[in-house]
Amino acid sequence: MTNMAPLVPGILSPTRTVPVHIPRPEYVGKKAPTPYTGPEVQTAETIEKMRIAGRIAAQAMDAAAAAIEPGVTTDELDRIAHAYMCDHEAYPSDLGYRGFPKSICTSVNEVICHGIPDSTVLQDGDIVNLDVTAFIHGVHGDLNATYLVGNVDEESKLLVERTREATRRGIAAVKPGRQVNVIGRVIESYAKRFGYGVVRDFTGHGINTSFHSGLIIPHYDSEFATTVLRPGMTFTIEPMLTLGDYRHDIWADGWTVVTKDRKRTAQFEHTLVVTETGSEILTLP
């Protein structure tokens, strides 16, 4: 792998504003969201709203991804995605969630997740994950993907490709009547073929009117993930695979999660609904 210096925090730009007429999630301005107490199985009306939220999030991510190249700052990617969501009457779910200061997450190289967009300049050979969530009509749509910046080494390219494939396999494992742990079993089994670490402390999650409902979707084989999948359940699958140690450190900002050995990591994510025969991806452009 290209020998690149570890990432360091950049400078934050001022907080971006959202037009006052766009409805906010209930947690904005609060230290934490109100715990979700509703059902994991959603109505057809809620699922249709989630398709809209998911489509806007996916298109916002595509708009930001189109600007990825050496010399671009992660803050600029945040600006593009923020503007797209606001222009389409959606609130960027990340903005103000438990105090998060930006509208998307941008996780570069060894950052597992929750990277804060700032003055960091993308370099030729980097990989960067964009994590975008949109809130509209009272529901959230959440997805992410890892992108190559310029000329990327083969080891990193393979990590990204295989993490995408692991996500696809996890999604394909979703069937009503199966336990949640089948998802992680499939992902971990595939990742182990290449000696990759599978991050354990950050998981997929239930999502609906709540950004994180409390349902946990591990990406490794967990004996505790015995919830049975039922049609109408909505949640994310978002495996994080690493070239080395799956354990992590967190920066002083309280958000940026990096691999303990500072080796690279990749991630992909979609929001799904369980159907009568499998699942439907709700976060398609």
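Higher on the page you've got the structure.
Small disclaimer: the values here were computed from a predicted structure and weren't measured.

Asks: What exactly am I supposed to notice about the sheet that holds strand β3 (residues 111-113) here?
Replies: Hydrogen bonds between backbone atoms are what pair the strands of a sheet, whose relative direction is either parallel or antiparallel. With antiparallel pairing, three strands are arranged side by side in an open sheet as β3-β12-β11. Edge strands, defined here as strands with exactly one partner in the open sheet, are β3 and β11 (248-250). Across the sheet, the mean angle separating the axes of adjacent strands is 40° when strand polarity is ignored. Across three bridges, β11 lies against strand β12 (residues 257-259) in antiparallel orientation. Each bridged residue has a counterpart across the sheet, and for Asp-249 the counterpart in β12 is Val-258.

Asks: Any chance you could explain the environment of Asp-126 here in plain terms?
Replies: Note on placement: Asp-126 falls in the loop between β3 and β4 (127-136). Once the C-alpha coordinates of Asp-126 and Lys-49 are considered, the two residues, 77 residues apart in sequence, prove to be 35 Å apart. Sequence-distant contacts of Asp-126, that is, excluding residues within four places in its chain, are made with Met-4, Val-108, Asn-109, Val-121, Tyr-147, Leu-148, Val-149, Val-152 and Arg-264.

Asks: Before we go on, may I ask you to explain the side chain of Thr-265 in this structure?
Replies: Along the chain, the position of Thr-265 falls in strand β13 (residues 265-267). Among the polar contacts made by the side chain of Thr-265, one reaches the main-chain carbonyl oxygen of Leu-241 at a distance of 2.9 Å. Filtering out sequence-adjacent residues up to four positions away, Thr-265 remains in contact with Asn-109, Glu-110, Val-111, Ile-112, Ile-127, Leu-159, Met-240, Leu-241, Thr-242 and Thr-259.

Asks: Can you help me understand the nonpolar core in this one?
Replies: Here is a general trend for soluble globular proteins: nonpolar side chains tend to be buried in one another's company. Among the nonpolar cores identified, the biggest contains 71 residues, and Ile-68, Met-85, Leu-130, Phe-235 and Ile-237 are the most heavily contacted of them. Examining the composition of this core, we find that 10 residues originate from one element, helix α1 (residues 44-65), more than from any other.

Asks: Please explain α1 as it appears in this structure.
Replies: Residues spaced three or four apart along an α-helix point in a common direction, a consequence of the helix completing one turn every 3.6 residues. Here α1 contains 22 residues, and its C-alpha end-to-end distance of 31 Å stays within 8% of the 32 Å for a straight helix at 1.5 Å per residue. Every buried residue of α1 is listed here: Thr-46, Ile-47, Met-50, Ala-53, Gly-54, Ile-56, Ala-57, Ala-58, Ala-60, Met-61, Ala-64 and Ala-65.

Asks: Sorry if this is basic, but what is going on with the packing of aromatic side chains here?
Replies: Here a ring pair, both rings aromatic, is described through the centre-centre distance and the interplanar angle of the planes. Overall, the coordinates contain six aromatic pairs when judged by the stated rule. Measuring from ring centre to ring centre gives 5.0 Å for Tyr-27 and Tyr-97, while their planes differ by 85°; the resulting arrangement is edge-to-face. Here Tyr-27 is found in the segment before α1, whereas its partner Tyr-97 is found in the loop between β1 (91-92) and β2 (105-108), with 70 residues between them in sequence. Taken individually, Tyr-27 and Tyr-97 each receive the classification buried, so the pair is uniform in this respect. When the centroid spacing of 6.4 Å and the interplanar angle of 25° are considered together, the rings of Tyr-27 and Phe-211 count as stacked. Of the two residues, Tyr-27 is situated in the segment before α1 and Phe-211 in the loop between β7 (204-205) and β8 (216-217); the sequence distance between them amounts to 184 residues. Its relative accessible area of 3% is what places Tyr-27 among the buried residues.

Asks: Please clarify how the pattern of salt bridges should be interpreted in this entry.
Replies: Working definition: two side chains of opposite charge can pair if their charged atoms are close together. Under the counting rule described, the total for this entry stands at 16 salt bridges. Asp-249 is paired through a salt bridge with Arg-262; the nearest N and O atoms lie 2.9 Å apart. Residue Asp-249 is found in strand β11, and its partner Arg-262 is found in the loop between β12 and β13; the two are separated by 13 residues along the sequence. Judged by its relative accessible area of 24%, Asp-249 is partly exposed. Each member of the salt-bridge network shares a partner with another, and the members are Arg-16, Asp-75, Asp-78 and Lys-102.

Asks: Quick question: what am I supposed to make of the pairing of strand β9 (residues 234-237) here?
Replies: A regular strand places its side chains so that they alternate between the two faces of the sheet. Here β9 shows a buried face lined by Thr-234 and Thr-236 and a second buried face lined by Phe-235 and Ile-237. The pairing of β9 with strand β14 (residues 270-274) spans four bridges and is antiparallel. Residue pairing in the sheet places Thr-236 in a bridge with Thr-271 of β14.

Conventions used here
- Residues numbered from 1 in each chain as written.
- Predicted model: local features only at pLDDT ≥ 70, side-chain atom pairs only at ≥ 80, totals over all residues.
- Heavy atoms only, no water.
- Pairing = 2+ DSSP bridges.
- Helix = DSSP H or I, 4+ residues; strand = E, 2+ residues; numbered from the N terminus.
- Axes fitted to C-alpha atoms, helices over the stretch in contact; angles between N-to-C directions.
- Contact = heavy atoms within 4.5 Å.
- Polar contact = N/O pair within 3.5 Å; in protein donor to acceptor, adjacent residues only side chain to side chain.
- Core = buried A, V, L, I, M, F, W, Y, C linked by side-chain atoms within 4.5 Å.
- Buried < 20%, exposed > 50% of the residue type's maximum accessible area, 1.4 Å probe, protein only.
- Expected span 1.5 Å × (residues − 1).
- Phe/Tyr/Trp six-rings, centres within 6.5 Å; stacked < 30°, edge-to-face > 60°.
- Salt bridge = Lys/Arg side-chain N within 4 Å of Asp/Glu carboxyl O.

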